[in-house]
Amino acid sequence: MEEERFDTSAPVVRPARHGNVFEETIERLLQNIKLGLFAVGEKLPPERELAELLGVSRATLRDALAELQKAGYVEVQRGRYGGTYVCGRPSAGPGSFPELDPAEVEDILTFRNVLEPAAASLAAKATLSPSQRSHLLKTLAEVASAPAELYRPKDARFHVAIAEVTGSPSLARAVADVRSKVSDLLDRIPLLEPNLEHSNQQHQAIMDAILRGDGEEAFRMAQDHLQGTASLLHGFLISSESQVSPEVAASKP
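K.L.:
What is the right way to read the nonpolar core from this model?
P.N.:
For soluble globular proteins, nonpolar side chains are generally found buried alongside one another. Core analysis: the largest hydrophobic core is formed by 39 residues, its most contacted members being Leu-136, Ile-162, Ile-206, Ile-210 and Leu-233. Only helix H5 (102–125), helix H6 (130–144), helix H7 (148–164), helix H8 (169–186), helix H9 (193–211) and helix H10 (215–237) provide two or more residues apiece to this core. No other element matches H5, which puts 8 residues into this core. In this view, Ile-206 contacts Ala-120, Ile-162, Met-221, Ala-222 and His-225; residues no more than four positions away in its chain are not counted. Core analysis: the next-biggest nonpolar cluster, separate from the first, contains 16 residues, Leu-29, Ala-64, Leu-68 and Val-86 among them.

Written out as structure tokens, the structure reads:
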């Protein structure tokens, strides 16, 4: 008998607000591509379903997808297997990133360090269904086998999956939001092969703790993993103490 599929789309793909609905539809679509929720090479959900998930009209969705197609994020294929497919994210050239506020970097990393270890601990304490366990193992396998150009969205997808199985949609959305911000920071630094290997080892340790129901170990392994990412971001993005705002510098021992 085919195993029941764990449905994750509704808790994480949030509706656009209606102040700037077109712009926010673009934002939501890009966020979910960045998080690997809409994976490179995969077909987006049918237009009616995707419009309902985003809480927008099909006309607005079509306009947004047309712009993303022009920008190279999606492509439309015709024929029997036609539809809208996610492309690789266009490479950012030099000077394409806005200037960083070091205090904002610290805020993102601090918030992540609160959310994600807690999510790992809650996932370990939860009674996971076979479909939830399968979902976790699938996302772990995908990031472990991902080529370098796909590593970061698969990595993000794994982290969001942990929050998804806690049973708290609010926590899943919060982790998705902060992971999206972390992905923006990671896009500014190079991929380092030893770091990817180490990250995969840490992912496995987090997963092992979750599947055996060890909340304390899952929390600790997640903290260790996030500290490694934070160290890289500090090293590459905040190169000297003089770049840090006085408020952040004063808070450090």
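Here the narrative resumes.
K.L.:
Help me out: how do you make sense of the pairing of strand S1 (residues 74–77) in this one?
P.N.:
In this structure, S1 lies alongside strand S2 (residues 83–86), joined through 4 bridges in antiparallel fashion. Each residue of the ladder has a partner; that of Val-76, found in S2, is Thr-84. Taking the residues between adjacent antiparallel strands as the criterion, S1 and S2 are bridged by 5 residues, where Gly-79 takes a positive phi near 95°.

K.L.:
Please explain the packing of helix H3 (residues 47–54) against helix H4 (residues 58–70) as it appears in this structure.
P.N.:
A packed helix pair is summarised by two numbers, namely the angle formed by the two axes and the spacing between the axes. At a closest axis distance of 9 Å, the pairing of H3 and H4 adopts a crossing angle of 100°. Overall, the two elements H3 and H4 adopt an arrangement that is roughly perpendicular. Two secondary-structure elements touch here, H3 through Glu-47, Arg-48, Leu-50, Ala-51 and Leu-54 and H4 through Arg-58, Leu-61 and Arg-62. When its residues are assigned to classes, the contact of H3 with H4 shows 4 nonpolar, no polar and 4 charged.

K.L.:
Hey, could you run me through the confidence of the model for the protein chain in this one?
P.N.:
Low pLDDT marks stretches whose predicted atomic positions should not be read closely. Averaged over every residue, the pLDDT of the protein chain is 85; the share at 70 or more is 83%. Note on residues 240–253: pLDDT is under 50 here. Beyond four places in sequence and across chains, it has 12 contacts.

K.L.:
Just checking my understanding: could you explain a negative patch on the surface for this structure?
P.N.:
A cluster of acidic residues, Glu-99, Asp-101, Glu-104 and Asp-107, forms a negative patch on the protein surface. The topology assignment puts Glu-99 in the loop between S2 and H5. Classification of Glu-99 as exposed rests on a relative accessible area of 80%.

K.L.:
Would you explain H4 in this entry?
P.N.:
Because each turn of an α-helix spans 3.6 residues, side chains separated by three or four positions end up pointing in the same direction. Relative to the 18 Å expected for 13 residues at 1.5 Å per residue, H4 spans 18 Å between its end C-alpha atoms, a close match to the ideal helical length. Every buried residue of H4 is listed here: Thr-60, Leu-61, Ala-64, Leu-65 and Leu-68. Seen from one end, H4 has its buried residues packed into an arc of 130°, which puts them on one side. For H4, the secondary structure elements touched by its buried residues are helix H2 (21–34), H3, S1 and S2. Among the residues trailing H4, Gly-72 stands out with phi positive, at a value near 90°.

Calculation rules
Residues numbered from 1 in each chain as written. Predicted model: local features only at pLDDT ≥ 70, side-chain atom pairs only at ≥ 80, totals over all residues. Heavy atoms only, no water. Core = buried A, V, L, I, M, F, W, Y, C linked by side-chain atoms within 4.5 Å. Buried < 20%, exposed > 50% of the residue type's maximum accessible area, 1.4 Å probe, protein only. Helix = DSSP H or I, 4+ residues; strand = E, 2+ residues; numbered from the N terminus. Contact = heavy atoms within 4.5 Å. Pairing = 2+ DSSP bridges. Axes fitted to C-alpha atoms, helices over the stretch in contact; angles between N-to-C directions. Parallel < 35°, antiparallel > 145°, perpendicular 65-115°, else oblique. Nonpolar A, V, L, I, M, F, W, Y, C, P; charged D, E, K, R; others polar. pLDDT = per-residue confidence, 0-100. Patch = residues over 30% accessible without salt bridge, like charges linked within 9 Å, V, L, I, M, F, W, Y side chains within 5 Å. Areas by Shrake-Rupley, 256 points an atom, 1.4 Å probe, with all protein chains shown as cover. Salt bridge = Lys/Arg side-chain N within 4 Å of Asp/Glu carboxyl O. Lys, Arg positive; Asp, Glu negative; His and termini not counted. Charge placed at Lys NZ, Arg CZ, Asp CG, Glu CD. Expected span 1.5 Å × (residues − 1). Arc of directions from axis to C-beta.

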